[in-house]
Structure formats: structure tokens, C-alpha cells
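# Tertiary structure, described
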Amino acid sequence: MNFEGKDILSTENMTKEEILEILRVSAKMEELCKTRHVSDLLADKVVAVLFLEPSTRTRLSFETAVKRLGAKAITVADAKTSSTAKGETLADTALTVEGYVDCIVVRQPQIGGAKVMADAVKIPVINGGDGAGQHPTQALLDLYTILKERGTLEGLKVAMAGDLKYGRTVHSLTYALAPFTPKEYIFCAPDALQMPEHIVADMKKKGIPCKVTASVEEALQADVLYMTRIQKERFSDVAEYEKLKGSFILSRQLVEKGKKGITIMHPLPRVDEITTDVDELPNAAYFRQAHNGVFVRMALLALVMGRA
Ligand code: CP
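Residues numbered from 1 in each chain as written. Predicted model: local features only at pLDDT ≥ 70, side-chain atom pairs only at ≥ 80, totals over all residues. Heavy atoms only, no water.

With that settled, the discussion passes to the overall build of the chain. Along the chain, the regular secondary structure elements total eleven helices and nine strands. What you see for the chain is a C-alpha radius of gyration of 19 Å, in line with the 19 Å of a compact globule of 308 residues. If one aligns the C-alpha atoms of the chain with their principal axes, the spans along those axes are about 55 × 45 × 40 Å. The buried share among the 308 residues of the chain stands at 55%. By sequence separation, contacts in the chain at least 24 residues apart represent 74% of the contacts at least 6 residues apart. (Helix = DSSP H or I, 4+ residues; strand = E, 2+ residues; numbered from the N terminus. Rg over C-alpha atoms; globule rule 2.2 N^0.38 Å. Buried < 20%, exposed > 50% of the residue type's maximum accessible area, 1.4 Å probe, protein only. Contact = heavy atoms within 4.5 Å.)

In C-alpha cells:
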């Protein structure tokens, strides 16, 4: 399977074979990191890491991945310091940066913005999150984590809870896991933050049973519970955010009432939706999940630059 020169923009049309190949290379990268701190696989490459929205995990794990593969990164970590703040279009930014680097990783607030950049240039573009759209590299590291934690991706009952409307991580995860025939998706959110109807309809078309609920107790009967933050930055009406924040909070007491061994995941950052007493449970996987991001992003960089 050849990923050279390909963009990673969405999980919507990724095949099972493509996903399994990315996860296979991710496992190789994890092994590489155990034995060799820095590889020279991408020693002649430069990667632009353009983050026009805040990030800790995605930006830093991409920069770590770049360094562990021996490449160099040029970084924008604050939209105010790039010329997009002067009104430059994403296409013009991409066309300019294409002259400097071999690959662009971008996070920006506009749904479809990464595709606009990818359409403008010939080098690979990786979407590090486009507003409330998609976050494909997060979904791939989520699958890598599920595989490590559960031993399989096939036939799982997976619950997603929190902000499913604006949550790009859950949009990407829903599509990424679909080829592995989930037993059921449980979408758990207040009505105002439920999974977009077109995504639920897409899953039903694929024959995946979907339960739409506001009950955390129901979500806790899954094999995997994927919690998300209510994202203040996506609300135009602060009063609406204030009404919905803290809609449900996962405590240790609640987890202990759920399915035994349920894997608790979260893309992070969290605010208050998982209490810190959950962290010490062996099935609380969210910090391991964040660490897995380095291996998956190393794999993606190596694959799109034809060196995996
Ligand atoms: N999960 C995630 O995308 O985290 P950051 O916003 O910190 O990159």
C-alpha cells in the first residue's frame, strides 16, 4: 500500500486495509523508539507544523515525531504570529510554505480548511484538526490505543460521551472504527450536543446499530467509553455553554457501577468531565492514549513521505 504524497484529511473514506497498515507501521515506530532514541529515516526532510488554534498533544507529539525521525520542524504555535492574522488565505499560506518544506501539518478553525490547503499544493498535508470537522490523526491513535488496550478492534460496543456535535475527535473516530463492524455505537450527550444526524445516518447505512441517549449509565455498559470535553470555544452563545457544561461528570463511583473492565478514553484536554480519582484505575487509558500519539504520528509522517 503506497501512502507516498497522500494527504491525511479525514477518516471518512479510509479503508480497513489502509488503517491496519498505519497501525502496523505505528507498532514498528513504537519498537524503534524502545531501541533507538532518534532515527535518521527522515533526516533530509523538513516539516511545517502550523497550529493556528491552541494545542498541547497534537502539536507537541507531531514535533516529537519529527525529531525522533531525524527530520526538522518549523513551527507556528500561535495564529497571532502568522500572516493569516493579516488576512492571508489558507491557500496562499500553503503555497508559500510548500516552497520551504516537504510536508505540512495544520490545525486551524475552519471546517474543510486543511483540504483547502491540500488542494493548493503538491506536498502532503496532514489535518491536525479543522474546527468542528475532523481530527484524523487523533482517531488513528485512538484505534491504536483500543487495539493495545482491548487486543482487538473488531465487534466492540463503543460509547462516546460529551460534546458529540462539535467534537471533531468523535466524528473521526466514528468513521475510523466503522470498518471493524462495531457491535453498537452509543452516542451519549444532551440533545443540544448530540452526534450530527448525517453521521448517525451514515453509520446506520453501514448496518451499525446506534443508540442515541443522554444516560451515562447506558454508556457505561460499553466495552470502551470515550469521554470528551464540552468545548467552550465552539459556542457562539456563552449562556448556552454555561447551561451545558458539567452535563455529565464521570466519577470513580460511576465507573465502578459500569461494565467490568470498561476502557475509559479521552482525547484530552479534560476540564472536569472525568474526576481525577478515575486516573488511577488500570482501565483509565487516556494518558497512555496521549503517549501513543507519537508513534502513530511518526508512522503517518514516514508513510506520506514514502519512507515507512
Ligand atoms: N487531543 C488533542 O487534540 O489535544 P490538543 O488539543 O492538546 O492537541
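Under the definition given, this model contains one cavity of 30 Å³ or more. Of the pockets and cavities examined, the largest cavity occupies roughly 40 Å³. Around the largest cavity, the lining residues are Arg57, Gln138, Leu141, His266, Pro267, Tyr286, Gln289, Ala290 and Arg297. The set of elements that each furnish at least two residues to the lining of the largest cavity consists of α5 (136–150) and α11 (286–304). The residue makeup of the lining of the largest cavity, split by class, is four nonpolar, three polar and two charged. (1 Å grid on protein atoms, 1.4 Å probe; cavity = no way out; pocket = protein on both sides within 12 Å on 5 of 7 lines; lining within 4 Å. Points joined across faces, edges and corners; volume = space filled by probe spheres on them. Nonpolar A, V, L, I, M, F, W, Y, C, P; charged D, E, K, R; others polar.)

With an omega of 5°, the peptide bond between Leu268 and Pro269 qualifies as cis. Locating Pro269 in the fold gives a position in the loop between β9 (263–265) and α11. In this model, Leu268 sits at a positive phi of 65°, which is unusual for a non-glycine residue. If you trace the backbone, Leu268 turns up in the loop between β9 and α11.

Let us look at the nonpolar core. Ranked by size, the top nonpolar core spans 68 residues in total, and within it Ile126, Leu143, Met160, Tyr185 and Leu301 carry the most contacts. With ten residues, α11 is the single largest residue contributor to this core. Summarising the domain contributions, this core has at least three residues from each of domain 1 (16–134 + 292–304) and domain 2 (136–289). The contact partners of Tyr185, leaving out residues within four places of it in the chain, are Val158, Met160, Leu173, Thr174, Leu177, Ala178, Met203, Ile208, Pro209, Cys210 and Lys211. Counting 22 residues, the second-largest nonpolar core is a separate cluster that includes Ile186, Ala222, Met227 and Leu254. (Core = buried A, V, L, I, M, F, W, Y, C linked by side-chain atoms within 4.5 Å. Domains from an automatic or database assignment.)

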